[in-house]
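Understanding the architecture of this molecule
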Amino acid sequence: MATLAVLALLLALCGGGPPAAGQRRKEMVLSEKVNQLMEWASKRSVIRMNGDKFRRLVKAPPRNYSVIVMFTALQPHRQCVVCKQADEEYQILANSWRYSSAFTNKIFFAMVDFDEGSDVFQMLNMNSAPTFINFPAKGKPKRGDTYELQVRGFAAEQLARWVADRTDVNIRVIRPPSYAGPLMLGLLLAVVAGLVYLRGSNLDFLYNKTGWAFAALCFVLAMTSGQMWNHIRGPPYAHKNPHTGQVNYIHGSSQAQFVAETHIVLLFNGGVTLGMVLLHEAVTSDMDVGKRKIMCVAGIGLVVLFFSWLLSVFRSKYHGYPYRYGFS
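The protein chain carries the name Dolichyl-diphosphooligosaccharide--protein glycosyltransferase subunit MAGT1 in an unreviewed UniProt entry, which gives Crotophaga sulcirostris as its organism. The Pathway (unreviewed entry) field of the UniProt record for the protein chain holds the comment "Protein modification; protein glycosylation." According to the UniProt record, the Sequence similarities (unreviewed entry) comment for the protein chain reads "Belongs to the OST3/OST6 family."

Next comes the structure, spelled out in structure tokens:
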């Protein structure tokens, strides 16, 4: 019995040696990787990576940290306008995390540009940019680890919500101060004050119903076309299919839209409104009958044309909608 106990002890000691040494090497490698990333993050919130850095620090184990990687194409000859816009929001998000009091080595933000890491794009079978992927601390990225850019837009606040969902790290987005709004408000107040000063003896223009109606109409058209949604979500202007090169200005889903789409809807709503105004003027104005007929025909034409186009946009987003008017 004593001999068996000694043999068991020797086997345990011999068997426990190599795993313990391997564990120490693993911890040393992990420590080196974390220290390297922390050093780079202290200099730049978004770490630029090529193929070698990506494979060593993001793909290869061991890793006890998550890495949010933006795959993009920022070089001018790529002509990726959306990439530049998304990069600005991504920098805001990374800076908000880097200079937060809650900053830790639990998560890092990185970027792979196509011209600096085309091999990474090939390795991941990626053919579009920008794309955001979360590489979790354990395991491979799952379906939810790829950000739905076309649905959620690339605003820093939306990215922060997605990061919190995937990593449990809550980032409070802090945007740099913008003076455009106060400057525009000051300019508007200066113009109004100037008009009041120049026409102090005659303020009838303040009671001009046509002017106020036009201003209200512009505001309503802007809001009903989705401008506020763009301001909140920050969607791309349009989408270019990487396979065919075709540019889509209308989003195919009812849950999202492009900036260009709001401009198109604004134009169509404006056309319908102009047609209704012409019809109203044709009925109520004191012009001769010939001009009123022309205004009536033009008004009907505008309403039919632009309302048909507006309904076709609605049909393209709400698939299966059975009704149409005029053009398909």
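Moving on, there is more to tell.
Some details on empty space enclosed by the protein
Under the counting rule described, the total for this entry stands at one cavity of 30 Å³ or more. For the largest cavity, the calculated volume is near 40 Å³. If you list the elements that add at least two residues to the lining of the largest cavity, you get helix H3 (81–98) and strand E3 (107–113). In terms of residue class, the lining of the largest cavity is made up of seven nonpolar, one polar and one charged.

Some thoughts on the layout of surface pockets
Regions of empty space are outlined by a rolling probe, equal in size to a water molecule, passed over the atoms. Its boundaries defined by the atoms lining it, the largest pocket holds a volume of some 880 Å³. Lining the largest pocket are 28 residues, and of these Cys80, Ser128, Ala129, Pro130 and Lys240 sit closest to its centre. Mapped by element, the contributors of at least two residues to the lining of the largest pocket are H3, helix H5 (149–152) and strand E5 (239–240). Its residues placed into classes, the lining of the largest pocket shows 17 nonpolar, eight polar and three charged. Shared between two domains, the lining of the largest pocket takes at least three residues from each, and those domains are domain 1 (25–167) and domain 2 (203–317).

A short note on the confidence of the model for the protein chain
Looking at the protein chain as a whole, the pLDDT averages 83, with 87% of positions reaching at least 70. Note on residues 6–16: pLDDT is under 50 here. Beyond four places in sequence and across chains, it has zero contacts.

Quick look at the state of the cysteines
In protein chemistry, a disulfide is the covalent bond that joins the sulfur atoms of two cysteines. One pass over the full model with this rule turns up one disulfide. One disulfide in the model links Cys80 with Cys83; its S-S distance is 2.1 Å. Every disulfide takes its handedness from the sign of the S-S torsion; for Cys80 and Cys83 that torsion is 70°, giving right-handed. Like Cys80, the residue Cys83 is buried in the burial classification.

Section: the sheet that holds E3
Across the sheet, four strands lie side by side as E1-E3-E2-E4; this open sheet has mixed pairing. Lying at the two open borders of the sheet, with one neighbouring strand each, are strand E1 (46–48) and strand E4 (131–135). For this sheet, the mean inter-axis angle between neighbouring strands, taken without regard to orientation, is 30°. Relative to E3, strand E2 (residues 66–72) runs parallel, the two sharing seven bridges.

Quick word on the packing of helix H10 (residues 259–284) against helix H11 (residues 289–317)
Taken N-terminus to C-terminus, the directions of H10 and H11 make an angle of 155°; their axes are 7 Å apart at the nearest point. Taken together, H10 and H11 sit at an angle that is classed as roughly antiparallel. Crossing angle aside, the handedness with which H10 passes H11 is left-handed. Of the residues belonging to the contact of H10 with H11, the class tally is 21 nonpolar, four polar and four charged.

A word on the pattern of salt bridges
Inspection of every chain in the model, using the stated rule, returns 10 salt bridges. Residue Arg55 is joined to Asp52 by a salt bridge in which the shortest nitrogen-to-oxygen separation is 3.2 Å. Placement of the pair is Arg55 and Asp52 together in helix H2 (residues 51–59), with a separation of three residues, close to one helical turn. Classification of Asp52 by relative accessible area gives exposed; the value is 55%. Residues Glu261 and Lys317 are paired through a salt bridge, measuring 3.1 Å at the closest nitrogen-oxygen approach.

Describing unusual backbone geometry
One can expect most non-glycine residues to show negative phi and most peptide bonds to be in trans. In this structure, the amide linkage connecting Pro61 to the following residue, Pro62, adopts the cis form with an omega of 0°. Backbone torsion omega between Ala129 and Pro130 reads 0°, so that peptide bond is classified as cis. Counting through the fold element by element, Pro130 comes out in the loop between helix H4 (118–123) and E4. If you check the backbone angles, Gln79 has positive phi at about 55° while not being a glycine. As for its position among the elements, Gln79 is in the loop between E2 and H3. In this structure Gln79 comes out as exposed when scored by relative accessible area, which is 69%. Backbone geometry at Asn125 places phi at a positive 55°, although glycine is not the residue there. By the element assignment, Asn125 lies in the loop between H4 and E4.

Focus on the packing of aromatic side chains
Applying the stated criterion across every chain, the model contains 15 aromatic pairs. Pairing Phe71 with Phe121 gives two aromatic rings, centres 5.7 Å apart and planes at 85°, and the pair type is edge-to-face. One end of the pair, Phe71, is in strand E2; the other, Phe121, is in helix H4, and 50 residues separate them in sequence. For Phe121, a relative accessible area of 4% gives the class buried. A connected cluster of aromatic rings, assembled from ring pairs, spans Phe54, Phe71, Phe114, Phe121 and Phe135. Positioned above the aromatic ring of Trp40 is the side chain of Lys53, whose terminal nitrogen or guanidinium carbon lies 4.6 Å from the ring centre. Arg98 extends its terminal NZ or CZ atom over the ring of Phe103, reaching a point 5.0 Å from the ring centre.

About the cut-offs
- Residues numbered from 1 in each chain as written.
- Predicted model: local features only at pLDDT ≥ 70, side-chain atom pairs only at ≥ 80, totals over all residues.
- Heavy atoms only, no water.
- UniProt positions renumbered as here; feature names shortened; annotations may be inferred.
- 1 Å grid on protein atoms, 1.4 Å probe; cavity = no way out; pocket = protein on both sides within 12 Å on 5 of 7 lines; lining within 4 Å.
- Points joined across faces, edges and corners; volume = space filled by probe spheres on them.
- Helix = DSSP H or I, 4+ residues; strand = E, 2+ residues; numbered from the N terminus.
- Nonpolar A, V, L, I, M, F, W, Y, C, P; charged D, E, K, R; others polar.
- Domains from an automatic or database assignment.
- pLDDT = per-residue confidence, 0-100.
- Contact = heavy atoms within 4.5 Å.
- Disulfide = S-S within 2.5 Å.
- Buried < 20%, exposed > 50% of the residue type's maximum accessible area, 1.4 Å probe, protein only.
- Pairing = 2+ DSSP bridges.
- Axes fitted to C-alpha atoms, helices over the stretch in contact; angles between N-to-C directions.
- Parallel < 35°, antiparallel > 145°, perpendicular 65-115°, else oblique.
- Left-handed = near helix turned anticlockwise from the far one by under 90°.
- Salt bridge = Lys/Arg side-chain N within 4 Å of Asp/Glu carboxyl O.
- Phe/Tyr/Trp six-rings, centres within 6.5 Å; stacked < 30°, edge-to-face > 60°.
- Lys NZ or Arg CZ within 6 Å of the ring centre and 35° of its normal.

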